[in-house]
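In case you want the letters, here they are:
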Number of protein chains: 4
Amino acid sequence: MAAGVAEKPAMTPFPGSRQNTTQVRQKTSHARDAVLSQYGVVRQESESLCRPLATEDYCIQSMPDVSPPKWHLAHTSWFFETFLLIPFFSGYQRFHPQFEYLFNSYYEAVGAQFPRPQRGMLSRPTVEEVYRYRAHVDAAMAELIHSADEEQWEEIAGRVTLGLHHEQQHQELFLTDLKHVFSVNPLRPAYREPSAMPRQGRSVPLEWIDYPGGVVQIGHHGEGFAYDNESPRHRVYLQPYALGSRLVTNGEYLEFMEAGGYGQPEFWLSDGWRTARERRWEAPLYWEKQDGRWRHMTLSGMQPVDEHAPVCHVSFYEAHAYACWAGKRLATEAEWERAAAEQDVAGNLRESGALHPVPADMGTVPLQMFGDVWEWTQSAYAPYPGYRATPGALGEYNGKFMANQMVLRGGSFATPTAHIRATYRNFFYPRDRWQFSGFRLADDR
Amino acid sequence: MAAGVAEKPAMTPFPGSRQNTTQVRQKTSHARDAVLSQYGVVRQESESLCRPLATEDYCIQSMPDVSPPKWHLAHTSWFFETFLLIPFFSGYQRFHPQFEYLFNSYYEAVGAQFPRPQRGMLSRPTVEEVYRYRAHVDAAMAELIHSADEEQWEEIAGRVTLGLHHEQQHQELFLTDLKHVFSVNPLRPAYREPSAMPRQGRSVPLEWIDYPGGVVQIGHHGEGFAYDNESPRHRVYLQPYALGSRLVTNGEYLEFMEAGGYGQPEFWLSDGWRTARERRWEAPLYWEKQDGRWRHMTLSGMQPVDEHAPVCHVSFYEAHAYACWAGKRLATEAEWERAAAEQDVAGNLRESGALHPVPADMGTVPLQMFGDVWEWTQSAYAPYPGYRATPGALGEYNGKFMANQMVLRGGSFATPTAHIRATYRNFFYPRDRWQFSGFRLADDR
Amino acid sequence: MAAGVAEKPAMTPFPGSRQNTTQVRQKTSHARDAVLSQYGVVRQESESLCRPLATEDYCIQSMPDVSPPKWHLAHTSWFFETFLLIPFFSGYQRFHPQFEYLFNSYYEAVGAQFPRPQRGMLSRPTVEEVYRYRAHVDAAMAELIHSADEEQWEEIAGRVTLGLHHEQQHQELFLTDLKHVFSVNPLRPAYREPSAMPRQGRSVPLEWIDYPGGVVQIGHHGEGFAYDNESPRHRVYLQPYALGSRLVTNGEYLEFMEAGGYGQPEFWLSDGWRTARERRWEAPLYWEKQDGRWRHMTLSGMQPVDEHAPVCHVSFYEAHAYACWAGKRLATEAEWERAAAEQDVAGNLRESGALHPVPADMGTVPLQMFGDVWEWTQSAYAPYPGYRATPGALGEYNGKFMANQMVLRGGSFATPTAHIRATYRNFFYPRDRWQFSGFRLADDR
Amino acid sequence: MAAGVAEKPAMTPFPGSRQNTTQVRQKTSHARDAVLSQYGVVRQESESLCRPLATEDYCIQSMPDVSPPKWHLAHTSWFFETFLLIPFFSGYQRFHPQFEYLFNSYYEAVGAQFPRPQRGMLSRPTVEEVYRYRAHVDAAMAELIHSADEEQWEEIAGRVTLGLHHEQQHQELFLTDLKHVFSVNPLRPAYREPSAMPRQGRSVPLEWIDYPGGVVQIGHHGEGFAYDNESPRHRVYLQPYALGSRLVTNGEYLEFMEAGGYGQPEFWLSDGWRTARERRWEAPLYWEKQDGRWRHMTLSGMQPVDEHAPVCHVSFYEAHAYACWAGKRLATEAEWERAAAEQDVAGNLRESGALHPVPADMGTVPLQMFGDVWEWTQSAYAPYPGYRATPGALGEYNGKFMANQMVLRGGSFATPTAHIRATYRNFFYPRDRWQFSGFRLADDR
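None of these values were measured; they are calculated from a predicted model.

Basis of the calculations
Throughout, residues of each chain are indexed from 1 in the direction in which the sequence is written. Numbering of ligands from 1 and lettering of chains from A proceed in the order in which they are written. Since the coordinates come from a predicted model, pLDDT governs what is reported: local features require at least 70, and pairs of side-chain atoms require 80 or more to be given and counted, while whole-chain, interface and lining totals use all residues. Working from all heavy atoms in the structure, the side-chain values ignore hydrogens and water. Pairing between strands is defined by DSSP: at least two bridges between them are needed. The secondary structure listing takes helices from DSSP runs of H or I that are at least 4 residues long and strands from runs of E that are at least 2 residues long, numbered from the N terminus. Between two residues, a contact is recorded if the distance between any of their heavy atoms is within 4.5 Å. Between N-to-C directions, angles cover 0 to 180 degrees, with each direction set by a line fitted to C-alpha atoms, over the stretch in contact for helices. Copy-to-copy alignment: least squares on C-alpha atoms, limited to residues at pLDDT 70 or above in both. Any angle that is under 35 degrees is reported as roughly parallel, and any over 145 degrees as roughly antiparallel; angles of 65 to 115 degrees are reported as roughly perpendicular and all others as oblique. Residue classes follow a fixed rule: Ala, Val, Leu, Ile, Met, Phe, Trp, Tyr, Cys and Pro count as nonpolar, while Asp, Glu, Lys and Arg count as charged, and any other residue, Gly among them, counts as polar. Any carboxyl oxygen of Asp or Glu within 4 Å of a side-chain nitrogen of Lys or Arg constitutes a salt bridge here. Each residue gets one of three labels from its accessible area relative to the maximum for its type: buried under 20%, exposed over 50%, partly exposed in between, using a 1.4 Å probe on protein chains only. As used here, buried area is the combined drop in accessible area, with a 1.4 Å probe, of two parts when they are placed together. In protein, a polar contact means a hydrogen-donor-capable atom and an acceptor-capable atom, both N or O and within 3.5 Å, with residues adjacent in sequence counting only if both atoms are side-chain atoms; elsewhere, any N or O pair within 3.5 Å suffices. Whether two aromatic rings pair depends on their centres lying within 6.5 Å, for rings of Phe, Tyr and Trp, where Trp uses its six-membered ring; planes under 30 degrees apart make the pair stacked, over 60 edge-to-face, and the rest tilted. In this scheme, Lys NZ or Arg CZ marks a charge over a ring once it lies within 6 Å of the ring centre and within 35 degrees of the ring normal.

1. Topic: the sheet that holds strand E15 (residues 441-444) of chain A
All names here are of chain A.
(1) Moving on: Judged by pairing direction, the sheet is antiparallel, and its four strands sit side by side in the order E1-E4-E15-E8 without closing on themselves. Two strands bound the open sheet, and with one partner strand each, they are strand E1 (208-211) and strand E8 (329-330).
(2) Moving on: Here three bridges tie strand E4 (residues 241-244) to E15, and the two strands are oriented antiparallel to one another. Directly across from Ala242, in E15, lies its bridge partner Asp443.
(3) Moving on: Helix-sheet contacts for helix H11 (residues 333-340) involve E1, E4 and E8, and the interaxial angle to E4 is about 70 degrees.

Set out below in structure tokens:
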């Protein structure tokens with residue numbers, strides 16, 4: 001694999017995207033319109049998601065991890081400007097000379113970055129200017145896609161695909177962050193009507209699905225787009241194991257809470273215990289007890305907690321503590337991927353419109369592998385054997401975060417179906433709770 | 001004095017305002033229209049000041065000390081709602097039940113307060129809703145002013161006057177805070193056109209005005225409005241002293257900087273030295289050296305530093321260090337007030353339209369006693385002999401801040417003329433720099 | 001005054017000490033033995049105070065404000081080495097080249113200082129080496145005192161006197177700091193036998209002593225030693241006032257606590273309220289409720305709180321809140337000094353051996369002006385009119401601390417009688433509680 | 001495996017120790033003297049290591065991670081008291097009732113713990129009392145070992161073995177911590193004579209040792225003592241790889257430094273880059289440039305850096321950055337263990353007396369697998385498949401730390417030979433530098 005990387009032109013962003021775009025090109029042959037069409041759909045979706053916002057909502061950063069909606073809109077445009085228009089579109093005129101600095105998230109190779117915790121301190125550019133920035137980039141991108149030299153096309157198409165997946169990631173983060181922004185406001189605004197909330201239902205009983213041990217392969221292999229951190233595909237040895245047939249529910253998590261789980265150190269990792277005490281955790285993020293009943297913040301404002309729906313907004317530490325209390329454990333990412341690889345990508349993903357986790361329904365077990373909530377695994381985020389980050393700025397996309405974070409799998413109700421796959425590796429710090437994160441139990445066999 | 005306070009009805013906010021409104025009533029006799037007219041002028045001015053803002057500008061809090069423009073607009077309305085409409089207007093309907101909490105600044109007796117450092121995290125209420133809140137309050141205030149019972153009128157008129165002075169204070173804070181908000185944005189937006197900046201000029205030479213020692217009186221005495229912290233008027237003994245005939249200029253301050261003043265502990269108070277090192281102070285706030293020349297942020301964006309204009313945005317620590325370096329000292333507030341009491345209130349105040357400090361011109365010495373920049377004194381903010389804070393929430397306006405802060409005198413280019421007077425005591429922490437604060441030298445005689 | 005300062009030789013540390021030593025020399029005429037004898041007595045006392053310590057006790061720093069006993073012993077020797085032996089004793093050999101750095105407390109003009117919060121991280125020099133350092137300095141000082149040139153003698157004698165007062169200050173701080181060191185140890189060691197604790201008794205009733213208004217003089221005037229911050233003597237105008245006849249007792253303070261004083265913001269300064277909440281203050285420092293009764297840490301370990309003894313280990317904020325709750329106020333330093341100046345220096349000072357505050361007994365009112373506990377005043381620590389700090393390192397002794405601190409008066413049970421006087425100005429931050437600090441009420445008349 | 005755990009009596013601390021002590025008992029049959037003898041040797045070694053200390057050295061905590069020598073001596077005794085004497089020795093009298101609290105490191109199941117960052121604030125118990133505590137425990141342990149019931153013997157012997165390995169760990173930590181304590185003292189004390197430092201030498205050239213891919217087994221299997229985190233032994237799949245034949249040297253690391261490695265984000269993990277900037281890392285811990293040459297703190301005080309000796313006191317982040325810069329990577333713990341398992345445990349371990357890393361000499365490659373410095377791996381510290389922490393307090397020994405830390409392998413110059421083995425898993429946070437930590441390069445094949 002490493003040798004293969006060396007042979008590629010320096011500009012290819014990710015192994016997966018190269019393979020993908022090669023295929024795409026073969027299939028679509030000169031049909032750049034298809035790329036442009038896909039570009040338009042994804043870019044438009046970002047703006048559609050913003051439709052319910054007031055101008056003021058675009059500007060708020062409720063904690064350092066959160067970015068204002070305006071920033072998401074601008075940064076995703078910056079991505080196309082920086083990695084496509086500037087290197088490939090000769091004569092491109094930057095929209096504004098300081099946007100390179102203002103909307104660089106973390107690419108050291110591109111240059112200095114405006115400090116992340118201060119993203120909420122920028123009233124300018126205004127929302128309207130950011131939309132003009134998007135239009136400026138979109139117009140130039142359309143021209144680039146149509147007029148690029150054939151020898152650069154493969155590289156360009158690969159980068160466009162990467163840029164669109166990047167934008168889809170930010171669409172999910174937009175919802176994640178906006179929920180946090182609204183949650184710190186005592187007025188508890190709703191992103192959409194409460195009537196849009198999924199109704200309460202029933203959940204199917206928990207069963208155990210057994211998997212035998214042995215050598216299996218995980219990681220991306222040459223069909224469709226993937227990030228570089230999903231490669232190389234490689235062998236791992238698994239002991240026999242079992243997975244829970246569905247996600248852990250709010251009702252089950254409440255049992256843990258009512259059994260005093262937040263006060264019993266024996267179930268917690270040491271760092272988790274300290275974090276939970278310092279931050280006074282007593283329930284998942286966004287939960288509040290009112291008149292003896294639990295309610296939580298949703299994208300439709302404060303709502304009752306549905307005991308049949310999957311628990312969400314728990315940290316890895318809480319997921320781990322619950323699993324210890326239940327006498328089980330979390331899955332490794334390899335255990336999860338092997339099971340997910342046998343399934344189609346379907347579930348409560350963004351296209352369902354639920355915008356909230358929903359109770360498991362009958363179906364192919366294990367249920368809820370895709371969608372609803374990202375599933376914490378017990379795997380630290382680390383390079384696959386043979387992984388080397390691509391040289392240059394795009395190599396910073398994933399590789400430099402391979403320390404101190406845990407892998408999550410499967411996507412959430414906010415993930416577009418086209419964005420998720422069995423090999424997809426998401427990663428957050430074990431203390432993080434503002435993502436749409438839950439978990440599934442696993443066990444030894 | 002204490003006995004006098006005891007005789008007043010509990011609701012009277014401040015001694016000064018009582019005397020004032022009594023007089024006003026005598027003069028205007030049933031002419032409540034005059035009060036309403038003044039109310040309309042001041043309230044309108046707050047909104048006029050906001051005219052250059054984009055919607056996004058209303059929401060930003062660039063540091064905990066700063067409040068977003070939207071918050072200033074709402075809080076000043078909250079003041080009238082809380083201290084006038086709710087106690088005096090029977091049947092008044094609150095605009096929103098949670099605004100009591102959201103827009104309470106620091107009045108413990110009113111109830112809990114939304115945490116100050118999070119004022120910038122609120123996208124809602126929107127700007128438009130805040131303007132509707134203002135209109136709602138204004139309509140009710142107009143009705144109250146016209147229809148209040150005669151026996152409550154004196155109290156009401158006193159509180160309206162207090163509320164309008166409160167609003168004028170926030171008009172200045174609005175400009176102070178907005179300048180900071182724009183300064184942290186790398187785009188350095190301008191509140192108004194650069195062409196509006198005062199032109200560079202010349203300054204008059206520094207002279208010394210001598211004052212003899214002896215017992216003098218300071219503090220407010222019964223004409224016009226004053227805050228409670230300006231009373232009681234009382235005797236103090238002053239040693240003979242001299243005041244500089246004008247404010248210290250940027251050019252003079254630059255000499256201190258170029259002589260290494262920021263690196264020489266012998267001129268600094270111990271706390272000031274530590275603060276300056278920790279925060280890496282090397283110049284006044286907002287100054288930046290570009291290509292060997294100093295420029296600074298203004299309400300018209302980045303501009304060259306005018307060496308003849310008064311230095312601004314220095315902390316008490318820096319003012320003190322400069323004075324030590326110059327072999328002089330700062331004035332006490334009594335020394336300053338005794339000199340100011342002999343002058344009319346005039347100078348580069350808000351009505352001048354400069355919105356920036358300007359060089360001293362010929363005139364009655366000492367020059368620049370009012371306007372341009374607030375002058376740090378060497379007096380810690382403390383109660384005058386016989387001062388007792390009024391009972392109730394309005395007693396929190398000034399009294400509870402009488403520790404750790406220093407008195408500033410004279411107003412700035414952002415202070416309305418009608419708001420300032422010789423007895424006026426402003427106060428900030430010795431480390432604060434974002435106010436329009438400068439200083440004048442004093443000496444022993 | 002400033003002119004007078006300029007005429008003095010640059011080396012004279014403080015105006016007071018010059019006048020003092022002149023007198024001393026005239027009286028004692030060539031009797032340098034007297035100075036040496038006094039030197040020996042004070043230096044020996046520092047070591048006597050350490051007699052109950054284990055070697056380990058000498059090394060501990062329980063918070064940044066506290067210095068280890070070993071450091072006090074070394075720093076007081078450093079003072080003589082730095083300000084006497086090095087400038088005046090030609091051929092003096094430093095004990096160790098790095099002690100100049102290690103034991104410099106805060107004299108920037110001498111050079112860099114080992115960071116204060118790390119004083120407890122130094123196992124070396126050992127205790128035994130520090131005692132050898134003391135002996136080395138003492139031997140050289142004896143030689144200097146006997147052999148100094150006559151023309152330098154006045155300066156030397158003045159500095160010796162300053163050094164001895166400095167050492168006496170550190171003797172008190174040694175006890176203050178040691179109490180804190182022992183208090184954080186769950187074993188709660190005792191500095192001396194519990195049997196040595198003063199017995200519980202009765203307190204005299206609180207009366208009010210009236211003082212008329214008018215111009216009075218405060219500050220040091222040329223008899224005996226004084227620090228530079230006690231000069232110049234100057235006129236102040238006082239309104240009529242009254243002082244409480246004794247200190248506020250534990251029993252009285254308990255009434256405030258039981259009335260909910262720690263939970264009622266209306267009695268607190270804003271900074272005090274915030275501090276008390278952040279630090280969860282609910283009683284004076286060192287108080288603990290056990291089985292429904294209050295006990296507190298003393299130099300004889302944990303002991304019951306004596307309701308008749310003066311309250312100790314309260315911050316200025318707590319003293320202020322109590323006074324507001326009681327409808328009174330604290331005295332200004334001028335009010336206090338004028339009353340104290342009429343009394344002899346006598347009371348529960350170190351020579352009493354109580355090492356703890358004791359109930360007031362019959363006597364000349366106001367009682368307890370000297371000794372028992374330092375009395376918080378409502379006066380911010382500021383320069384007297386005409387004060388200029390002496391040039392050079394010794395000018396850093398007091399002057400650079402004149403911001404953010406409050407004046408305390410009268411000495412405590414740990415202050416040597418020879419060290420305290422009516423003009424003495426002690427100063428600490430309003431949040432500080434580990435000093436032996438209490439308070440007396442005052443009122444307007 | 002989980003089933004096997006369930007069959008064991010609840011008191012058995014670790015699987016490995018049970019197997020071990022079973023064997024020991026079979027071999028030594030009733031010869032409890034052997035256990036007691038081993039006990040005496042290890043316990044005595046802790047005290048021998050302290051011989052060069054002054055009393056003051058025993059008390060210092062130079063940062064929260066560091067414990068004072070006195071604490072190490074007491075805590076290791078607490079371990080025997082808590083896990084052996086109290087449960088198994090009826091009639092045992094505790095030495096002091098509060099030592100259970102004072103010297104509990106992190107065992108929540110035992111009870112509350114004195115706060116770790118305050119271990120340096122305890123002058124009492126004195127050093128002499130701690131030695132008496134040790135003697136008290138040793139006497140009781142001797143009696144317990146001789147007189148315990150036969151049916152409890154296996155459990156007791158297992159726990160004694162665990163306690164002795166625990167004590168050996170603390171012997172290494174004692175040296176690690178003491179080095180830090182001395183390093184923050186500007187006097188830079190030496191633990192032993194400089195003449196004892198290993199002489200500078202030459203290093204062998206770096207070669208690469210290739211290993212084929214495939215399924216291998218790692219983890220402890222039933223011979224001798226092991227901690228629970230080394231079990232269960234299990235299969236892992238390795239890709240072909242290569243290991244560097246020796247540790248990375250100071251000279252090689254200097255090349256990285258001189259090439260600007262500390263200033264080039266492309267070689268760093270994101271968290272590492274941020275940490276290195278915040279803490280201003282520019283060289284390994286303890287390195288100082290004097291007159292253009294690098295020197296570093298050693299147990300013999302400040303000494304020149306030997307370019308041929310292994311680099312030490314680098315964080316995982318620095319090791320990772322170096323490896324990226326060199327175009328290589330760190331080994332996984334499985335890759336390392338598979339290579340180490342083929343070797344005898346030998347190298348520059350504590351018995352060599354060097355107390356410092358030394359240049360690699362000729363020998364069986366890979367060299368320096370044991371001793372010199374702990375080797376950072378790229379493996380996050382995580383449970384082996386099938387691992388379950390033992391119930392009860394002893395289960396807290398290792399399991400609860402399995403988040404956010406990285407595995408180190410191979411022991412250091414401070415590790416006793418009897419304490420280290422190929423399966424041994426040490427773990428620290430990736431930012432930690434005060435351990436004796438270095439690294440070896442690995443590569444893909």
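2. Describing the relation of the copies chain C and chain D
Put simply, the two copies of the chain differ by a rotation about an axis and a shift along that axis.
(1) Moving on: Mapping chain C onto chain D leaves a residual RMSD of 0.0 Å; the transformation is a rotation of 180 degrees accompanied by 0.0 Å of translation along its axis. The superposition operator between the copies reduces to a two-fold rotation axis. Among all residues of chain C, the one whose C-alpha sits closest to the rotation axis is Glu56 of chain C, at a distance of 2.9 Å.
(2) Moving on: Interface residue correspondence from chain C to chain D reaches 100%, placing this contact among same-surface, isologous pairings.

3. With respect to the packing of helix H4 (residues 69-88) of chain B against helix H7 (residues 150-183) of chain B
Residues and elements named next belong to chain B.
(1) Moving on: Remark: H4 packs on H7, axes separated minimally by 9 Å, with the N-to-C direction vectors making an angle of 170 degrees. Classified by the interaxial angle, the pair formed by H4 and H7 is roughly antiparallel.
(2) Moving on: Here the residues of the contact of H4 with H7 are counted per class, giving 15 nonpolar, seven polar and four charged.

4. Digging into the pattern of salt bridges
Residues and elements named next belong to chain B.
(1) Moving on: The full count for this structure, using the stated rule, is 112 salt bridges over all chains.
(2) Moving on: Residues Arg94 and Glu100 are paired through a salt bridge, measuring 2.7 Å at the closest nitrogen-oxygen approach.
(3) Moving on: Of the residues examined, Glu100 reaches a relative accessible area of 28% and is grouped as partly exposed.
(4) Moving on: For Asp444, the salt bridge is made with Arg329, and the minimal N-O distance between the two is 2.9 Å. Of this pair, Asp444 sits in strand E15 (residues 441-444) while Arg329 sits in strand E8 (residues 329-330), and the two are 115 residues apart along the sequence.

5. Details of the interface of chain C and chain D
Buried accessible area, meaning the area lost when the parts come together, often serves as the stated size of an interface.
(1) Moving on: On the side of chain D, 31 residues touch chain C, which itself brings 31 residues to the contact.
(2) Moving on: Summed over both partners, the interface of chain C with chain D comes to about 2,400 Å²; 63% of that surface belongs to carbon and sulfur atoms.
(3) Moving on: The salt bridge partner of Asp57 of chain C is Arg124 of chain D, with a shortest N-O separation of 2.5 Å.
(4) Moving on: There are ten residue pairs in polar contact (both at pLDDT 80 or more) connecting chain C and chain D.
(5) Moving on: Contributions of two or more residues to the side of chain C that touches chain D are made by helix H5 (99-102), helix H6 (127-147) and helix H7 (150-183) of chain C.
(6) Moving on: Across the side of chain C that touches chain D, the residue classes break down as 17 nonpolar, nine polar and five charged.

6. A look at the side chain of Ser315 of chain A
Residue and element names in this part refer to chain A.
(1) Moving on: Inspection of the secondary structure puts Ser315 in the loop between strand E7 (301-304) and helix H10 (316-325).
(2) Moving on: A relative accessible area of 0% means that Ser315 is categorised as buried.
(3) Moving on: Once residues within four sequence positions are removed from consideration, Ser315 is found in contact with Trp281, Trp376, Pro430, Arg431, Asp432 and Arg433.

7. Thoughts on the sheet that holds strand E1 (residues 208-211) of chain C
Sheets are built from strands that pair by backbone hydrogen bonding, the pairs being arranged parallel or antiparallel.
Residues and elements named next belong to chain C.
(1) Moving on: Read from one edge of the open sheet, four strands run E1-E4-E15-E8, paired in antiparallel fashion. Where the open sheet ends on each side, the last strands, each with one partner, are E1 and strand E8 (329-330).
(2) Moving on: Contacts from helix H11 (residues 333-340) reach E1, strand E4 (241-244) and E8 within the one sheet, and its direction differs from that of E4 by about 70 degrees.

8. Regarding the packing of aromatic side chains
For any pair of aromatic rings, the description consists of the separation of the ring centres together with the inter-plane angle of the planes.
(1) Moving on: Evaluation of the coordinates by the stated rule reveals 164 aromatic pairs over all chains.
(2) Moving on: On the basis of an interplanar angle of 70 degrees and a centroid distance of 5.4 Å, the ring pair of Phe83 of chain C and Tyr107 of chain C is categorised as edge-to-face. With a gap of 24 residues between them, Phe83 of chain C in helix H4 (residues 69-88) and Tyr107 of chain C in the loop between H5 and H6 connect regions that are remote in the sequence.
(3) Moving on: Accessibility expressed as a relative area gives 7% for Phe83 of chain C, which makes it buried.
(4) Moving on: A centroid spacing of 6.2 Å and a plane angle of 40 degrees characterise the contact between Phe89 of chain D and Tyr92 of chain D, whose relative ring orientation is tilted. Side by side, Phe89 of chain D and Tyr92 of chain D carry an identical accessibility label, which is buried.
(5) Moving on: The ring of Tyr429 of chain A carries Arg431 of chain A above its face, with NZ or CZ at 4.5 Å from the centroid.
(6) Moving on: In this arrangement the basic side chain of Arg425 of chain B is found over the ring face of Tyr384 of chain B, its NZ or CZ atom lying 3.9 Å from the centre.

9. Digging into the environment of Tyr262 of chain D
Residues and elements named next belong to chain D.
(1) Moving on: Structurally, Tyr262 is set in the loop between helix H8 (250-258) and helix H9 (270-278).
(2) Moving on: You can call Tyr262 buried: its relative accessible area is 10%.
(3) Moving on: Along the sequence, Tyr262 and Tyr39 sit 223 residues apart, while their C-alpha atoms lie 46 Å from each other.
(4) Moving on: Not counting chain neighbours up to four residues away, the residues in contact with Tyr262 comprise Tyr253, Phe256, Met257, Trp268, Trp273, Trp281, Glu282, Ala283, Pro284, Glu318 and Arg433.
(5) Moving on: In this structure the side chain of Tyr262 is engaged in a polar contact, spanning 2.6 Å, whose partner is the side chain of Tyr253.

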